[in-house]
Amino acid sequence: MSICPRIPQECLYIMTIDQLDARLIALLAAEPKLGVLECSRRLGVARGTVQARLDRLAARGVITGYGPDIDPAALGYDVTAFVTLQIRQVSGHDPVADQLAGIPQVLEVHTITGGDDMHCRVVARSNADLQRVIDLIVDVHGVVRTSSVIALDTPVPYRVLPLVADVPRQGKS
């Protein structure tokens, strides 16, 4: 059985990327609108090489999308909070996660270790709106208790490019 449900077990030992893959990913992260031909020109490789690399990286789950990054604050959601949930263990995490996915302001849900069961990143338009969102979460069947903290700032935003840059180096150890 696979450790990660999106990655087949047989792929776990071939998940390395090389310097060209890392440069390609960094280039597209910096300029997501670039086409394959322009990427090949900037990287100094054939267009077919770039396309094959992109296809392989997507098939292996390394590249998971090409959509725009959206700032919730630009949509009026100025408050970010993290809500930790304790749930009834009778039917597991999946039914709760399915219901949480129906709340638009719930951006992420993670199952966690420790005294609590799930951790959610949520957004709201104001503190009063956050209370409304938390009330929606509390109303989810299976949620027993919540605890929340409001993020004041994001000095290190979500990022993966440092990992991409580090993978080819790890292979040289």
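Residues numbered from 1 in each chain as written. Predicted model: local features only at pLDDT ≥ 70, side-chain atom pairs only at ≥ 80, totals over all residues. Heavy atoms only, no water.

**Student:** Explain the side chain of Arg53 to me, and be specific about the residues and the numbers.
**Tutor:** By the element assignment, Arg53 lies in helix H3 (residues 47–59). With sequence-adjacent residues up to four places away left out, Arg53 is seen in contact with Asp18, Leu20, Asp21 and Leu24. (Helix = DSSP H or I, 4+ residues; strand = E, 2+ residues; numbered from the N terminus. Contact = heavy atoms within 4.5 Å.)

**Student:** Mind laying out the sheet that holds strand S1 (residues 79–87), listing which residues take part and the relevant values?
**Tutor:** Pairing within the open sheet is antiparallel, and its 4 strands lie in the order S2-S3-S1-S4. Since the sheet does not close on itself, it has two edges, and those belong to strand S2 (106–111) and strand S4 (143–151), each with one partner. Each adjacent strand pair in this sheet contributes to an overall mean axis angle of 20 degrees, direction not counted. The sheet contact formed by S1 and S4 spans 8 bridges and is antiparallel. (Pairing = 2+ DSSP bridges. Axes fitted to C-alpha atoms, helices over the stretch in contact; angles between N-to-C directions.)

**Student:** Describe the pattern of salt bridges, naming the residues involved and giving the relevant values.
**Tutor:** Applying the stated criterion to the full structure yields 8 salt bridges. Measuring nitrogen to oxygen at the nearest pair gives 2.5 Å for the salt bridge that ties Arg41 to Glu38. With a gap of 3 residues between them, Arg41 and Glu38 both fall in helix H2 (residues 36–43), about one helical turn apart. Judged by relative accessible area, Arg41 falls into the exposed class, the value being 57%. Residues Glu108 and Arg121 are paired through a salt bridge, measuring 2.8 Å at the closest nitrogen-oxygen approach. On the criterion of sequence distance, the pair formed by Glu108 in strand S2 and Arg121 in strand S3 (residues 118–124) is long-range, its members being 13 residues apart. Classification of Glu108 by relative accessible area gives partly exposed; the value is 29%. Overall, Arg121 belongs to the partly exposed group, its relative accessible area being 29%. (Salt bridge = Lys/Arg side-chain N within 4 Å of Asp/Glu carboxyl O. Buried < 20%, exposed > 50% of the residue type's maximum accessible area, 1.4 Å probe, protein only.)

**Student:** So what about the packing of aromatic side chains? Which residues, and what values?
**Tutor:** As enumerated under the stated definition, the model contains 0 aromatic pairs in all. Lying across the ring of Tyr77, Arg125 places its NZ or CZ 4.2 Å from the centre. (Phe/Tyr/Trp six-rings, centres within 6.5 Å; stacked < 30°, edge-to-face > 60°. Lys NZ or Arg CZ within 6 Å of the ring centre and 35° of its normal.)

**Student:** Go over the nonpolar core with me, naming the residues and quoting the values.
**Tutor:** If you look at the biggest cluster of nonpolar residues, it comprises 19 residues, and the most contacted ones within it are Leu85, Leu100, Val122 and Ile137. Where this core is concerned, the elements lending two or more residues are S1, helix H4 (94–100), S3 and helix H5 (127–138). A per-element tally of this core places S1 first, with 5 residues. Counting 15 residues, the second-largest nonpolar core is a separate cluster that includes Ile17, Leu24, Ile25 and Leu57. (Core = buried A, V, L, I, M, F, W, Y, C linked by side-chain atoms within 4.5 Å.)

**Student:** Account for the packing of helix H1 (residues 19–30) against H3, with residues named and values stated.
**Tutor:** Running from N to C, H1 and H3 point in directions that differ by 85 degrees, and their axes come no closer than 11 Å. Taken together, the axes of H1 and H3 are roughly perpendicular relative to one another. For the pair H1 and H3, the contacting residues are Leu20, Asp21, Leu24, Ile25 and Leu28 in the first and Thr49, Val50, Arg53, Leu54, Arg56 and Leu57 in the second. Looking at the contact of H1 with H3, its residues break down into 7 nonpolar, 1 polar and 3 charged. (Parallel < 35°, antiparallel > 145°, perpendicular 65-115°, else oblique. Nonpolar A, V, L, I, M, F, W, Y, C, P; charged D, E, K, R; others polar.)

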